[in-house]
Amino acid sequence: MEKKIVKTTCTRDCPNSCGILAWVENDRVVKLTGNKEHPLNNGRTCVKCNHYLERVYHRERITYPLKKVQGKFIRISWEEALDEIAGKIKEICQTKSPESILYYQGFGARTALKLVNKRFFNLLGKTTVTKGTICGGTGESSQNLDFGTRISHDLKDYENSNSMILWGRNPVATGVNLVPMIENIKARKGKVVLIDPVNTQTAPLCTLHLKPKPGTDAYLALALSRILHDEGVADNDFLQNHCLNYEAYKRIVYSRTAEEYAALCNVPSEQIFAVAEVLKEMKPTAFVLGWGLHRWEYAHTTLRAIDALGAAAGSIGVAGGGVSQGFEEYAPYDWSIWGDELQPKRRRFYMQLLGEELKNASPKIEMAMITAGNPVSMLPNANRTKEALSEVPFLVAAGHFLDDTGILADIFLPVTTFLEEKDIAASYGHSLIGPINPAIPPLGECKSDFEIFMELGKRFDFAPEYVKPLDEWLEIIMKPTLERGISLQQIFNGGAYNPDTPKVPYLDKHFPTSTGKFQLMKDFELPEGRDLDYKYQLMSIAPKDWLCSELSLEEQTTLLPVKINAEEGLKLGLVEGKVCIVENQFGAIRCIAEFDGEQRKDLVVIPRGGWGQAGRNINELTRGLVSKVGDGTPYYETRVNVRSV
Ligand SMILES: Nc1nc2c(c(=O)[nH]1)N[C@H]1C(S)=C(S)[C@@H](COP(=O)(O)OP(=O)(O)OC[C@H]3O[C@@H](n4cnc5c(=O)[nH]c(N)nc54)[C@H](O)[C@@H]3O)O[C@H]1N2
Ligand SMILES: Nc1nc2c(c(=O)[nH]1)N[C@H]1C(S)=C(S)[C@@H](COP(=O)(O)OP(=O)(O)OC[C@H]3O[C@@H](n4cnc5c(=O)[nH]c(N)nc54)[C@H](O)[C@@H]3O)O[C@H]1N2
Ligand SMILES: [Mo]
């Protein structure tokens, strides 16, 4: 029996990007464990990783190309599939225009080699691509307004923190790398405060848990700042010497009392004063923000109010402090490889409004290609997305399973998982660059996105500049990092820190803004949420047990759970464990009622990622909307009613 252990990196859509070991016996991975040599995950893995092999070897996984003929998928060869796709592209480019071709890249895996995907479409001409984001754009854009460039603290720097405010983040479910940092702060008698309207799996780990009314955290941040100012403990040196707009910000802070703010965010003021004590007594405080905060129309107001609170609390540019949100997962690469400058003027669709954009498109989309995404399950306004994608005359999807998007395809291309690929992965949760070493040969006839695009490229006259061996492309894409003294060998042997990211950003209190100063918010804008005639805010958040829509049908034989406050549930006549209807102006979904005595009464919690095929697509109820800053997606600006059947 041939045995080996392969060092690799989990490329799934998660801020951990764990260093893992694939234990291989006779070309089959038998287990995945955390790599103890990895500086962050210390041998740990999460639920998602523990169960990933079930996905890799699942019988529903598609391992050869499929073509839809009279509504049914039949197996075809790669030759046929790629010839047909290339033929269609050429036909559209000749008879219509490249603009009638849409490329949509999801968030499934954001590795180095993915840069060549879009390059292919840029070499074709002015094809239509997407803009905006369904994940973290708002956070980055908002923080850029304050810091100039968003730079987060290295996770290891939390060893210097005496307190942490976890704000809208659920690391126990979504990113276990942070868990040892939290434990470490507590072991040193520090405090960890969670601010999340929902009772998440992370709550039991924290010293204090504040549950504000969803979407109103800006008031909470201002209340805390007001208390620090009233008590004369705000960081005056930083606010006056290193910040722009301090007078305007102070006017906002003083426009209400702490109690008035407390009422607006619906948190008992004693709890807010208790957090203020932490900010005063347990310095330095690390503010660690998640992605839940992004999913609001006015998310920038919240994010900027928290950044400003970080400034008032003396956390900016201080070891163990900071207001950290995320990292740039494409940071180590040469972005020119995407080839966007080849087509500066072109049509871009808001990805979160895909259904709308397709319906209104002129010229119309004749062909769309989707890789590493499941827009039908994951974009808001799912019924619209589904209808519009069904009307695209030629739809190509490349992925692993026939999910809600895959089943609509005219051609489905089976893609390798990271265990079957060579590539490089950076992360949106830390600044390590990790190796992707192939552990096993591709399953069945699967090909990586990279191979697919190289094979397609061979069929076009730009082949000489586009079709290159994998290692050559890696050298090209990684050039900025290689020039900083990191070698590919170092990465493939285990990984390396991105040399451009500091452990503690802004130590010199100089910011990459036009003035060199930290820019405090000077306006305050936070209108009431939408659809107040529906009773509950729909919190369609990340589940612990699975990742985004990476599911099989076999795992989806029960209805979605809806968690509701127990008293509310009883008032509505719901029975725990029984079917109920969650509905609004967009549709209705049957769910199983779950009661939680401690949950806020104004919201319901439903995990995201289920498929419509299984009656579990929560995005059938969410609103297609673009956030005011950063072109993000305000999924949580959705309200619903719940009733018994
Ligand atoms: N197991 C698992 N892991 C995942 C994922 C998954 O689906 N499953 N998804 C991955 C992806 S794509 C991402 S982007 C990350 C997300 O990682 P996280 O940001 O940690 O997770 P989310 O569930 O998106 O949001 C975090 C929390 O924000 C809270 N929240 C929402 N609105 C508000 C608000 O107005 N105020 C406050 N204070 N809190 C609010 C939610 O209740 C939620 O508990 O996780 C990644 N990891
Ligand atoms: N209601 C609601 N909806 C949400 C959110 C929410 O909070 N609430 N959160 C949003 C967030 S944060 C995100 S990031 C998006 C995610 O939205 P998507 O990116 O559309 O969702 P995924 O389910 O991650 O789909 C990725 C697919 O790519 C496949 N895949 C993985 N690796 C590869 C690869 O290398 N090549 C190819 N071709 N395929 C691959 C996976 O098997 C999976 O099927 O969803 C958003 N949707
Ligand atoms: Mo995300």
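- Within an unreviewed UniProt entry, the label attached to the protein reads Anaerobic dehydrogenase, typically selenocysteine-containing, and the organism entered is Desulfosporosinus orientis.
- Recorded in UniProt under Sequence similarities (unreviewed entry), the annotation for the protein is "Belongs to the prokaryotic molybdopterin-containing oxidoreductase family."

**Side note on the pairing of strand E19 (residues 432–436)**
Where a strand is regular, its side chains alternate between the two sheet faces.
Reasoning step 1: The buried count for E19 comes to five of five residues, which makes it a mostly enclosed element.
Reasoning step 2: The two faces of E19 match: Leu 432, Gly 434 and Ile 436 on one face and Ile 433 and Pro 435 on the other face are all buried.
Reasoning step 3: By the bridge criterion, three bridges tie strand E18 (residues 423–425) to E19 in an arrangement that is antiparallel. Of the residues in E19, the one forming a bridge with Asp 423 is Ile 436.
Reasoning step 4: Between E18 and E19, which follow one another and run antiparallel, lie six residues.
Reasoning step 5: Here E19 pairs with strand E20 (residues 496–497) via two bridges, running antiparallel. Counterpart to Leu 432 in the pairing with E20 is Tyr 497.

**Re the sheet that holds E19**
Reasoning step 1: Strand order across the open sheet formed by three strands is E18-E19-E20, with antiparallel pairing between neighbours. Lying at the two open borders of the sheet, with one neighbouring strand each, are E18 and E20.

**Observations regarding the packing of aromatic side chains**
Reasoning step 1: In total, this model carries 26 aromatic pairs according to the counting rule given.
Reasoning step 2: Centre to centre, the rings of Phe 147 and Tyr 506 are 5.0 Å apart; their planes meet at 20 degrees, and the pair counts as stacked. Of this pair, Phe 147 sits in helix H5 (residues 137–147) while Tyr 506 sits in the loop between E20 and strand E21 (518–519); the two residues are 359 residues apart in sequence, bridging distant segments of the chain. The same class applies to Phe 147 as to Tyr 506, namely buried.
Reasoning step 3: Considering the side-chain rings of Phe 511 and Phe 518, the 5.7 Å spacing of their centres and the 70 degrees angle between planes classify their relative orientation as edge-to-face.
Reasoning step 4: Its relative accessible area of 1% is what places Phe 511 among the buried residues.
Reasoning step 5: Lys 31 extends its terminal NZ or CZ atom over the ring of Trp 23, reaching a point 4.2 Å from the ring centre.
Reasoning step 6: Stacked on the ring of Trp 473, the Lys or Arg Lys 468 has its end atom at 5.3 Å from the ring centre.

**Here's the deal with unusual backbone geometry**
Reasoning step 1: A cis amide bond, omega -5 degrees, links Lys 283 with the succeeding residue Pro 284.
Reasoning step 2: Within the secondary structure, Pro 284 is located in the loop between helix H12 (269–281) and strand E12 (285–289).
Reasoning step 3: Ser 362 connects to Pro 363 through a cis peptide bond whose omega is 0 degrees.
Reasoning step 4: Even without glycine at this site, Ala 372 takes up a positive phi of about 50 degrees.
Reasoning step 5: With respect to the secondary-structure elements, Ala 372 resides in the loop between strand E15 (367–371) and helix H15 (375–378).
Reasoning step 6: Classification of Ala 372 by relative accessible area gives partly exposed; the value is 23%.
Reasoning step 7: Despite not being glycine, Asp 631 shows a phi value in the positive range, around 50 degrees.

**Brief notes about the site of ligand 2**
Reasoning step 1: Neighbouring residues of ligand 2: 31 residues in total, closest Lys 114, Met 378, His 400, Ser 549 and Asn 619.
Reasoning step 2: Between ligand 2 and Ser 549 there is a distance of 2.5 Å, counted from an oxygen atom to a side-chain nitrogen or oxygen.
Reasoning step 3: The side chain of Tyr 635 places a nitrogen or oxygen atom 3.1 Å from a nitrogen atom of ligand 2.
Reasoning step 4: Relative to its unbound accessible surface of 920 Å², ligand 2 loses 97% to contact with the protein.
Reasoning step 5: Grouping the constituent residues of the shell around ligand 2 by class yields twelve nonpolar, ten polar and nine charged.

**Quick look at the side chain of Thr 513**
Reasoning step 1: Assignment of secondary structure puts Thr 513 in the loop between E20 and E21.
Reasoning step 2: There is a polar contact of 2.7 Å between the side chain of Thr 513 and the backbone oxygen of Lys 517.
Reasoning step 3: For Thr 513, the residues in contact, after removing those within four places along its chain, are Asp 146, Phe 147, Gly 148 and Gln 519.

**Here we look at the sheet that holds E15**
Reasoning step 1: In space, the six strands of this open sheet follow the order E5-E4-E17-E16-E15-E6, with mixed pairing throughout. Every other strand in the sheet has two partners, leaving strand E5 (72–75) and strand E6 (101–105) as the edge strands with one partner each. Across the sheet, the mean angle separating the axes of adjacent strands is 20 degrees when strand polarity is ignored.
Reasoning step 2: The pairing of strand E4 (residues 66–69) with E5 spans four bridges and is antiparallel. Its bridge partner lying in E5, Lys 67 is registered against Ile 74.

**A few points about the packing of helix H11 (residues 258–265) against H12**
Reasoning step 1: Where H11 contacts H12, the axes come no closer than 9 Å and their chain directions differ by 115 degrees. Between H11 and H12, the interaxial angle falls into the category roughly perpendicular. Both H11 and H12 take part in a crossing whose hand is right-handed. On H12, the residues that touch Ala 258, Glu 259, Ala 262 and Cys 265 of H11 are Ser 269, Ile 272 and Phe 273.
Reasoning step 2: Across the contact of H11 with H12, the residue classes break down as five nonpolar, one polar and one charged.

**Comments concerning the nonpolar core**
Reasoning step 1: Judged by nonpolar contacts, the single largest core of 84 residues is most densely connected at Trp 167, Ile 272 and Phe 287.
Reasoning step 2: If one sorts the elements of this core by residue count, helix H8 (residues 217–230) sits on top with nine residues.
Reasoning step 3: Aside from chain neighbours lying at most four places away, what touches Phe 287 is Ile 165, Trp 167, Leu 279, Ile 306, Leu 309, Gly 310, Ala 313, Ser 315, Gly 322, Val 323 and Ser 324.
Reasoning step 4: If you look at the next biggest cluster of nonpolar residues, it comprises 50 residues, including Trp 78, Phe 394, Leu 413 and Leu 474.

Thresholds applied
- Residues numbered from 1 in each chain as written.
- Chains lettered and ligands numbered in written order.
- Predicted model: local features only at pLDDT ≥ 70, side-chain atom pairs only at ≥ 80, totals over all residues.
- Heavy atoms only, no water.
- UniProt positions renumbered as here; feature names shortened; annotations may be inferred.
- Buried < 20%, exposed > 50% of the residue type's maximum accessible area, 1.4 Å probe, protein only.
- Helix = DSSP H or I, 4+ residues; strand = E, 2+ residues; numbered from the N terminus.
- Pairing = 2+ DSSP bridges.
- Phe/Tyr/Trp six-rings, centres within 6.5 Å; stacked < 30°, edge-to-face > 60°.
- Lys NZ or Arg CZ within 6 Å of the ring centre and 35° of its normal.
- Near = heavy atom within 4 Å.
- Polar contact = N/O pair within 3.5 Å; in protein donor to acceptor, adjacent residues only side chain to side chain.
- Areas by Shrake-Rupley, 256 points an atom, 1.4 Å probe, with all protein chains shown as cover.
- Nonpolar A, V, L, I, M, F, W, Y, C, P; charged D, E, K, R; others polar.
- Contact = heavy atoms within 4.5 Å.
- Axes fitted to C-alpha atoms, helices over the stretch in contact; angles between N-to-C directions.
- Parallel < 35°, antiparallel > 145°, perpendicular 65-115°, else oblique.
- Left-handed = near helix turned anticlockwise from the far one by under 90°.
- Core = buried A, V, L, I, M, F, W, Y, C linked by side-chain atoms within 4.5 Å.

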